[in-house]
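# Architecture and fold: a report
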Amino acid sequence: MPTKTLQIPTPDGQADAFAAFPDRGERHPGALLYPDAFGLRPVLKETARELAEHGYYVLVPNLYYRHGRAPVIELPEHIGEEVRPAVFAQLMPLIEAHTTERALRDADAYLKFLTSRPEVSAGPVAAIGYCMGAALAMRTATAHPDRVAAVAGFHPGFLVTDAPDSPHRRVPELTAQVHLGLAEGDLSPEAISELNQALDAAGVAYTTEVYPGTIHGFTMSDTDAFNPSGLQRHWDRLLPLLGRTLTNG
């Protein structure tokens, strides 16, 4: 499985990124994979490798590149509950600095880079995200409806907020098919209803599903939230979505 560490030119500098793709000479559909709040680290690289095994070129950017190369902060091998407060104390300034404006500039740069890779086939791409990355995937798809044919978000954060630019308010711009896999408690029933109503009104093909027995972060094997059955359900939903929407998926 070929992998590369790459530098993505952006309006604000150079974003380091990880890419995984099949060990075959032909070109493959592209997927932009946004990490969770903990950022680019081994578990995200493993997810990218596994997705690449199914025939996709997967690009995982360092969201916090403005503050340094990944890992921007020192992370333990296992992010247990006892260390989460200290880790988030370091992460919150980085998360808060990642404004919508910055996210949209980055999304444009990431998509230009992804679709220009010689290993990536012509045609639409997918935007996939975990935790805060789900909102970034949604923003990417709404800003680039001509490029993004699939959006998948797992244990999402920040999808439904009171902000005028909340991602759920931009769904009328979506052309992508969407799957959102929620942990129990990720969104209130009222927020899920508001999100679904927005998707329905926009005529978006979508599924929102609460994965039973899961808590926020269930796909991440380096955290206490990890749930193997939740991770498998994530693959069971993600792979058919990509197969339906991406050329040669």
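Above this text sits the structure in question.
I will try to describe carefully the structure that is included in this document. Think of each chain on its own: its residues are numbered from 1, step by step along the sequence as written. The predicted nature of this model means local features are confined to residues of pLDDT at least 70 and side-chain atom pairs, given and counted, to a pLDDT of 80 or more, with totals for whole chains, interfaces and linings taken over all residues. No hydrogens and no water enter the side-chain calculation; it runs on all heavy atoms of the structure.

## A look at the sheet that holds strand 3 (residues 30-34)
For two strands to be treated as a pair, DSSP must find no fewer than two bridges joining them. Note on conventions: DSSP H or I runs of at least 4 residues are helices, E runs of at least 2 residues are strands, and numbering of each starts at the N terminus. Read from one edge of the open sheet, eight strands run 1-2-4-3-5-6-7-8, paired in mixed fashion. Unpaired on one side and paired on the other, strand 1 (3-10) and strand 8 (206-211) mark the two borders of the sheet. Mean inter-strand twist for the sheet, computed between neighbouring axes without regard to direction, equals 20°. For strand 6 (residues 148-154) and strand 7 (residues 177-183), the ladder comprises five bridges, and the chain directions are parallel. In the strand pairing of strand 7, A150 is matched with Q177. Each of strand 1, strand 2 (13-20), strand 3, strand 4 (57-61), strand 5 (125-130) and strand 6 is contacted by helix 3 (residues 100-116), which is oriented at about 130° to strand 1, the strand it contacts most. Where helix 5 (residues 189-202) meets the sheet, it contacts strand 7 and strand 8, and its direction lies at approximately 165° from that of strand 8. Lines fitted to C-alpha atoms define the axes, with helix axes restricted to the stretch in contact, and inter-axis angles between N-to-C directions lie between 0 and 180 degrees. Throughout, a residue-residue contact means that at least one pair of heavy atoms, one from each residue, lies within 4.5 Å.

## Regarding the packing of helix 1 (residues 42-52) against helix 6 (residues 228-245)
To describe two helices that pack against each other, one gives the angle between their axes and the distance between the axes. Viewed as axis vectors pointing N to C, helix 1 and helix 6 meet at an angle of 50°, and their least axial separation amounts to 12 Å. As the angle between them shows, helix 1 and helix 6 are arranged oblique. Helix 1 and helix 6 meet at a crossing whose hand is right-handed. Residues T47, E50 and L51 of helix 1 lie in contact with helix 6, whose contacting residues are W235, L238, L239 and L242. Angle categories: roughly parallel below 35 degrees, roughly antiparallel above 145, roughly perpendicular from 65 to 115, and oblique for all the rest. Each helix crossing is assigned a hand: it is left-handed if the near helix lies turned anticlockwise from the far helix by less than a right angle, otherwise right-handed if that turn is clockwise.

## A closer look at helix 1
Looking only at helix 1, the buried set comprises V43, L44, T47, A48, L51 and A52. Lining the buried residues of helix 1 we find strand 2, strand 3, strand 4, strand 5 and helix 6. Each residue's exposure class comes from its accessible area (1.4 Å probe, protein chains only) as a fraction of the maximum for that residue type: buried when under 20%, exposed when over 50%, partly exposed otherwise.

## A short note on the pattern of salt bridges
When a carboxyl oxygen of Asp or Glu is within 4 Å of a side-chain nitrogen of Lys or Arg, the pair counts as a salt bridge. Evaluation of the coordinates by the stated rule reveals 13 salt bridges. Of the charged contacts in the structure, one is a salt bridge between D12 and R66, with a shortest N-O distance of 2.7 Å. Pair noted here: D12 is in the loop between strand 1 and strand 2 and R66 is in the loop between strand 4 and helix 2 (84-97), with a separation of 54 residues, a long-range link. Judged by relative accessible area, which is 34%, D12 ranks as partly exposed. Across the pair R170 and E173 runs a salt bridge whose closest N-O atoms are separated by 2.8 Å. Among the residues examined, E173 registers a relative accessible area of 33% and is labelled partly exposed.

## Examining unusual backbone geometry
For the peptide bond that leads from A70 to P71, omega is -5°, which places it in the cis range. Position of P71 among the secondary structure elements: in the loop between strand 4 and helix 2. Although it is not a glycine, C131 adopts a positive phi angle of roughly 55°. For C131, the position within the fold is in the loop between strand 5 and helix 4 (132-143).

## A closer look at the nonpolar core
For the purposes of this section, nonpolar cores are sets of buried Ala, Val, Leu, Ile, Met, Phe, Trp, Tyr and Cys residues that join through side-chain atoms within 4.5 Å. If you look at the biggest cluster of nonpolar residues, it comprises 55 residues, and the most contacted ones within it are L59 and L174. Leaving out residues up to four positions away in the same chain, L174 has contacts with M138, A141, T142, V151, L199 and V204. In terms of nonpolar packing, the next biggest core, distinct from the first, is built from 29 residues, L51, A149, L238 and L241 among them.

## Topic: the packing of aromatic side chains
A pair of aromatic rings is counted whenever rings of Phe, Tyr or Trp (Trp by its six-membered ring) have centres within 6.5 Å, and the orientation is called stacked for planes under 30 degrees apart, edge-to-face for over 60 and tilted otherwise. Taken as a whole and judged by the stated rule, the model has five aromatic pairs. For the ring pair Y34 and Y110, a centre distance of 6.2 Å and an interplane angle of 55° mean the geometry is tilted. One end of the pair, Y34, is in strand 3; the other, Y110, is in helix 3, and 76 residues separate them in sequence. The same class applies to Y34 as to Y110, namely buried. Judged by centre distance (5.2 Å) and plane angle (45°), the rings of Y211 and F218 are tilted. When sorted by exposure, Y211 lands in the same class as F218, which is buried.

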